Amino acid sequence: MARKTREEAEQTRHLLLDTAERVFWEKGVAATSLADIATAAGLTRGAIYWHFDNKLALFTAICDRIKPELEHMDALLLDTGINPAVRLWRHATGMFELVRSNERLRRICGIHHIGCEQVGEMAPLLLEQISWTQEKQSMLQQVLEEAAQAGQLRDGIQPRLAALGLHSLYGGLCHSWMINPEDNTVHQHVCNLLSPYFVGIFRDHCWLDATAVEP
């Protein structure tokens, strides 16, 4: 049999990633084997092992597909041309809009939140999740420290703790939506859900700008 061309191999890889994303979402990661994914894709087990050594490698490749969108949001958060309070608001509302509008990102986030047990062969994901969480909280803290220097934070607000609370709010709202994706309450009222926290840490609604929705 002729050796597969690079283009054919890439098409097969994308088919496996698309299929794994769908099956992981439907069945959960722990209940899905690589053989299940190969069968669902109409391929042999050999085809899947040609591209991925194990389930963890496959899952990591799935997550890598949404990194560009997330990195773009991080770049917006750290854009020093915009005042820090407004940056945080735009980042917060922008992240939820991204989850709402991007089906792939939404599904992969859902798999992370409710479809993947970080034990056994997937245990390395826990350390990766801890590292990712620390990185995101550090970014939020950096912007909040800028806000403090600009006199935007209320008295007594500690940037480190405020960053932890804000990141936890993001995660909680995402989880609430992921466990019941048919309920659009979070996405319909995201500004009203986020604004009490912003009111609590910032002075004088300094986080609102012309593009924001007044709570």
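How each quantity is defined
- Residues numbered from 1 in each chain as written.
- Predicted model: local features only at pLDDT ≥ 70, side-chain atom pairs only at ≥ 80, totals over all residues.
- Heavy atoms only, no water.
- Patch = residues over 30% accessible without salt bridge, like charges linked within 9 Å, V, L, I, M, F, W, Y side chains within 5 Å.
- Areas by Shrake-Rupley, 256 points an atom, 1.4 Å probe, with all protein chains shown as cover.
- Salt bridge = Lys/Arg side-chain N within 4 Å of Asp/Glu carboxyl O.
- Helix = DSSP H or I, 4+ residues; strand = E, 2+ residues; numbered from the N terminus.
- Buried < 20%, exposed > 50% of the residue type's maximum accessible area, 1.4 Å probe, protein only.
- Axes fitted to C-alpha atoms, helices over the stretch in contact; angles between N-to-C directions.
- Parallel < 35°, antiparallel > 145°, perpendicular 65-115°, else oblique.
- Contact = heavy atoms within 4.5 Å.
- Nonpolar A, V, L, I, M, F, W, Y, C, P; charged D, E, K, R; others polar.
- Polar contact = N/O pair within 3.5 Å; in protein donor to acceptor, adjacent residues only side chain to side chain.
- Left-handed = near helix turned anticlockwise from the far one by under 90°.
- UniProt positions renumbered as here; feature names shortened; annotations may be inferred.

On to a nonpolar patch on the surface. A cluster of nonpolar side chains, Trp-25, Ile-114 and Ile-179, forms an exposed patch at the surface whose accessible area comes to about 290 Å². Tracing the sequence through the fold places Ile-179 in the loop between helix H9 (159-178) and helix H10 (185-188). Taking the relative accessible area as the measure of exposure, Ile-179 reaches 54% and is therefore exposed.

Before going further, it helps to examine the packing of H9 against helix H11 (residues 190-201). Remark: H9 packs on H11, axes separated minimally by 11 Å, with the N-to-C direction vectors making an angle of 170°. Of the possible angle classes, the one that applies to H9 and H11 is roughly antiparallel. Contacts between H9 and H11 involve Leu-161, Ala-162, Gly-165, Leu-166, Leu-169, Tyr-170 and Leu-173 from the former and Leu-193, Leu-194, Tyr-197 and Phe-198 from the latter. Among the residues forming the contact of H9 with H11, the class breakdown is 10 nonpolar, 1 polar and no charged.

Take Asn-102: it is sitting in the loop between helix H6 (84-101) and helix H7 (103-114). Looking at Asn-102, its side chain comes within polar contact range of the main-chain nitrogen of Arg-104, at 3.2 Å. One polar contact links the side chain of Asn-102 to the main-chain amide nitrogen of Leu-105, over a distance of 2.9 Å.

What follows covers helix H4 (residues 55-64). With respect to burial, H4 is a largely interior element, 7 of its 10 residues being buried. Within the sequence span of H4, burial applies to Lys-55, Leu-56, Leu-58, Phe-59, Ala-61, Ile-62 and Cys-63. Where H4 is buried, its residues contact helix H1 (6-27), helix H2 (34-40), helix H3 (45-51), helix H5 (67-77), H7 and helix H8 (124-149). Where H4 begins, the side chain of Asn-54 points an oxygen toward the backbone nitrogen of Leu-56, at a separation of 3.2 Å.

The next thing to look at is the packing of H4 against H7. In contact at an axis separation of 10 Å, H4 and H7 are set at 135° when each is read in the N-to-C sense. Relative to H7, the element H4 lies oblique. Taken as a pair, H4 and H7 cross one another with a handedness that is left-handed. On H7, the residues touching Phe-59, Ile-62 and Cys-63 of H4 are Ile-108, Ile-111 and His-112. When grouped by side-chain class, the residues that make up the contact of H4 with H7 number 5 nonpolar, 1 polar and no charged.

Next up on the list: the UniProt feature "DNA-binding region" (unreviewed entry) in the protein chain. According to UniProt, the positions carrying the feature "DNA-binding region" (unreviewed entry) are residues 33-52. Helix makes up 70% of residues 33-52 and strand 0%, and the two end C-alpha atoms of the span are 12 Å apart.

Below, the discussion takes up the side chain of Thr-19. Mapped onto the elements, Thr-19 comes out in helix H1. Using a relative accessible area of 5% as the deciding quantity, one classes Thr-19 as buried.

What follows deals with the environment of Ala-35. The topology assignment puts Ala-35 in helix H2. Once the C-alpha coordinates of Ala-35 and Arg-203 are considered, the two residues, 168 residues apart in sequence, prove to be 56 Å apart.

Turning next to unusual backbone geometry. Peptide bonds are trans in most cases, and residues, glycine excluded, mostly fall at negative phi. In this structure, Asp-204 is a non-glycine residue whose phi angle is positive, near 50°. Residue position: Asp-204 is located in the segment after H11. You will see that His-205, though not glycine, has its phi angle at about 50°, which is positive. Here His-205 shows up in the segment after H11.

It is worth spelling out the pattern of salt bridges at this point. Two side chains that carry opposite charge are able to pair once their charged atoms sit near each other. This model, assessed by the stated rule, comprises 14 salt bridges. Two residues, Arg-104 and Glu-21, come together in a salt bridge whose shortest N-O distance is 3.2 Å. Linking Arg-104 in helix H7 with Glu-21 in helix H1, this pair joins segments that are 83 residues apart in sequence. Take Arg-104: its relative accessible area is 31%, and that puts it in the partly exposed class. Classification of Glu-21 as buried rests on a relative accessible area of 1%. Across the pair Glu-146 and Arg-87 runs a salt bridge whose closest N-O atoms are separated by 2.6 Å. You can see Glu-146 sitting in helix H8 and its partner Arg-87 sitting in helix H6, a full 59 residues away along the chain. With relative accessibility at 3%, the residue Arg-87 sits in the buried group. Several salt bridges share partner residues, and in doing so they unite Asp-18, Glu-21, Arg-65, Glu-103, Arg-104 and Arg-107 into one network.

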